[in-house]
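Residue-level structural notes
Here is what each chain is made of, one letter per residue.
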Amino acid sequence: MTTMYAALLRGINVGGARKLPMADLRALLEGLGHDAVRTHLQSGQAVFASGHGDEDSLAAELTGAIEKRFGFAVDVIVRDHAYLKAVAEQCPFPAADLEAKQLHVTYFSAPVDAERFETVDRSACLPEEFRLGDRSLYLYAPDGLGRSKLAEALARPRVTKGLIATTRNWNTVTKLVELTAP
C-alpha cells in the first residue's frame, strides 16, 4: 500500500543560495523509487507516493540524497496526507476570514511543548499571535511574515534548538493537503 507524502525542504532557492531546481528534485525522488512525484512552487515542496519507510526515514533518505547529489545539506521534513489535513482542519485561527499572507504554519521535526516558548514576549508582539499544534505552530501575522516581530522571536535558535522548523503560508498549507489527497 502506498501513502502520499509531502517533503518540506528548508531554506532552498532563497536569495540565490542553495539552488535546487524543482525538475532535479522530482528526478531525485523518482530515482529513490517514489511515484506520483510533483513539486509545488520553487521554495521546496514536493509530493510523492511511497510504499516503504515512514516520515522520519523518508526525510533522512531525501536529506542524504540531496547532499550527495547537490553537495549541500538541506533540512527536510516529510509528512503524510492525514497529518497535513489534520493541521489544516485544526487551525485555531479563522483561516477562511484571513488573507493567506497573514496565516502561517511552522512544521517541526518533533513534538514541541509550551515551555520551549516561555521566553517569547507575546504581549510585545500583539496583535500577532501564535498557537501550538501537533508538531506545528500556527502564526497569525496581520502585516505578513516579512514584518513579523513574533516570527523573528519564534525563529531564534534558543527556541528552535534541536529541531528542524520550516514555515509555510496558508495557501501552501492548503495546497499540500490537496496535492497529497489520495
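On to the environment of Ile164, then. Mapped onto the elements, Ile164 comes out in the loop between helix H5 (157-160) and strand S8 (165-169). C-alpha separation for the pair Ile164 and Arg18, spaced 146 residues apart in sequence, amounts to 17 Å. Once residues within four sequence positions are removed from consideration, Ile164 is found in contact with Arg10, Asp75, Val76, Ile77, Tyr107, Phe108 and Ser109.

Further remarks concern unusual backbone geometry. Cis geometry is adopted by the peptide bond preceding Pro127, which originates at Leu126 and carries an omega value of 15°. In this structure, Pro127 sits in the loop between strand S5 (103-108) and strand S6 (129-133). If you check the backbone angles, Arg135 has positive phi at about 55° while not being a glycine. On the secondary structure map, Arg135 appears in the loop between S6 and strand S7 (136-140).

Spatially, the four strands line up as an open sheet ordered S6-S7-S5-S8, and their pairing is antiparallel. At either margin of the open sheet sits one strand with a lone partner, and together these are S6 and S8. Each neighbouring strand pair of the sheet contributes to a mean axis angle of 20°, computed without reference to strand direction. Of the pairings in the sheet, the one linking S6 to S7 comprises five bridges and is antiparallel in character. Considered in S7, the bridge of Gly133 is made with Ser136. Against the sheet, helix H6 (residues 170-180) contacts S5 and S8, and its axis sits at roughly 95° relative to S8.

The next point concerns the side chain of Thr166. On the secondary structure map, Thr166 appears in strand S8. Of the polar contacts made by the side chain of Thr166, one reaches the side chain of Arg168; its length is 2.4 Å. Contact partners of Thr166, with chain neighbours within four places excluded, come to Leu8, Leu9, Arg10, Ile77, Val105, Thr106 and Tyr107.

On to the pattern of salt bridges. Applying the stated rule across the entire model yields seven salt bridges. Of the charged contacts in the structure, one is a salt bridge between Arg135 and Glu55, with a shortest N-O distance of 3.1 Å. Taken together, the positions of Arg135 in the loop between S6 and S7 and Glu55 in helix H2 (residues 55-70) put the pair 80 residues apart, joining distant regions of the chain. Exposure class is identical for Arg135 and Glu55. Each is buried. Here Asp134 and Arg135 are joined by a salt bridge, their closest N and O atoms 3.5 Å apart. Under the relative-accessibility criterion, Asp134 is labelled partly exposed at 42%. Where salt bridges share partners, they join Glu55, Arg79, Asp134 and Arg135 into one cluster.

With that out of the way, let us pick up the side chain of Arg79. Summarising the element assignment, Arg79 is placed in strand S4 (residues 76-80). Look at Arg79 and you get buried, because its relative accessible area is 1%. There is a polar contact of 3.4 Å between the side chain of Arg79 and the side chain of Glu55. Ignoring any residue separated from it by four or fewer positions in sequence, one finds Arg79 in contact with Tyr5, Ala6, Glu55, Leu84, Phe108, Ser109, Ala110 and Arg135.

Where helix H3 (residues 81-89) meets H6, the closest approach of the two axes is 9 Å, and the angle between their N-to-C directions is 140°. Our classification of the angle between H3 and H6 gives oblique. The interaxial crossing formed by H3 with H6 has left-handed handedness. On H6, the residues that touch His81, Leu84, Lys85 and Ala88 of H3 are Trp170, Val173, Leu176, Val177 and Thr180.

What counts, and at which threshold
- Residues numbered from 1 in each chain as written.
- Predicted model: local features only at pLDDT ≥ 70, side-chain atom pairs only at ≥ 80, totals over all residues.
- Heavy atoms only, no water.
- Helix = DSSP H or I, 4+ residues; strand = E, 2+ residues; numbered from the N terminus.
- Contact = heavy atoms within 4.5 Å.
- Pairing = 2+ DSSP bridges.
- Axes fitted to C-alpha atoms, helices over the stretch in contact; angles between N-to-C directions.
- Polar contact = N/O pair within 3.5 Å; in protein donor to acceptor, adjacent residues only side chain to side chain.
- Salt bridge = Lys/Arg side-chain N within 4 Å of Asp/Glu carboxyl O.
- Buried < 20%, exposed > 50% of the residue type's maximum accessible area, 1.4 Å probe, protein only.
- Parallel < 35°, antiparallel > 145°, perpendicular 65-115°, else oblique.
- Left-handed = near helix turned anticlockwise from the far one by under 90°.

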